[in-house]
Amino acid sequence: MATIEECRSALDKLSDNMQRAEGDVRDAAALDRSVSCHITDLDVTFVGRMRGGRIEVHDTVQGPPPSKAEIRLAMTGDDLVALVDGELNFAKAWGSGRVKLHAGVRDLLQLRKLL
C-alpha cells in the first residue's frame, strides 16, 4: 500500500509532467481550478489548486475533502502512483470505477486532454 509521502510525491511528479506538456495538453493544464484528491485507502485528502500548468498542494487533511473543490479525484494510493507512473490507464480505471473524477462539463472536456 502506498504511503502518504509516496502519494504526495506522485502528485508532485504529475505536476512536473503537466508543466512540461505542450499543445492541447498544455492548454488543458493551464486551468485555474480548486482541486482535491482523496486517497481512499489512507483516508486522507490532498487539497490545492491547479494553476499555471501545475498542481499546488496547499494542505493534507484527514478524511474526505473538507469542501467541494471544482475538480475532485478519489482513488487508492496505489492507483494514484500507478497512474502517474504510466502503469494504469486512466480511461479504463475511470470506466471501471477505480478512479472517480468529478468536475463541471467544460472542465471534463479540457481534462480529457490531460488524461
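Sequence order as written defines the numbering, with residues in each chain counted from 1. Restriction of local features to residues with pLDDT of at least 70 applies here, the model being predicted, together with a cutoff of 80 or more for giving and counting side-chain atom pairs; totals for whole chains, interfaces and linings are based on all residues. Note that water and hydrogens are dropped before the side-chain values are worked out from all heavy atoms of the structure.

K.L.:
Any chance you could break down the sheet that holds strand β2 (residues 44–51) for me, citing the residues and the numbers?
P.N.:
Note on pairing: DSSP must find at least two bridges between two strands before they are called paired. Per the convention used, a helix needs a DSSP run of H or I reaching at least four residues, while a strand needs a run of E reaching at least two, with both numbered from the N terminus. Judged by pairing direction, the sheet is mixed, and its five strands sit side by side in the order β3-β2-β1-β4-β5 without closing on themselves. Two strands lie at the open edges of the sheet, namely β3 (54–62) and β5 (100–102), each paired on one side alone. Across the sheet, the mean angle separating the axes of adjacent strands is 20° when strand polarity is ignored. The pairing of strand β1 (residues 33–39) with β2 spans seven bridges and is classified as antiparallel. Within the sheet, the bridge partner assigned to S34 lies in β2 and is R49. In this analysis, two residues are considered to be in contact whenever any of their non-hydrogen atoms come within 4.5 Å of each other. In this analysis, axes come from line fits to C-alpha atoms, helices being fitted only over the stretch in contact, and the angle between any two N-to-C directions falls in the range 0 to 180 degrees. Strands β1, β2 and β3 of the sheet are contacted by helix α1 (residues 4–19), whose axis makes an angle of about 160° with β3. Along the sheet face, helix α3 (residues 77–84) touches β1 and β4 (71–75) and points at about 110° away from the line of β4.

K.L.:
Give me the environment of H38: which residues, what numbers.
P.N.:
Along the chain, the position of H38 falls in strand β1. Working definition: with a 1.4 Å probe on protein chains only, accessible area under 20% of the residue-type maximum means buried, over 50% means exposed, and in between means partly exposed. Residue classification places H38 among the buried residues on the basis of a relative accessible area of 13%. Sequence separation between H38 and L111 is 73 residues; the distance between their C-alpha atoms is 18 Å. In contact with H38, not counting residues within four places along its chain, are D43, V44, T45, G63, P64, P65, L73, A74 and M75. For H38, the side chain forms a polar contact with the side chain of D43, separated by 3.1 Å. Residues adjacent in sequence count toward polar contacts only when both atoms are side-chain atoms; beyond that, a polar contact is any pair of N or O atoms within 3.5 Å, and within protein one must be able to donate a hydrogen and the other to accept it.

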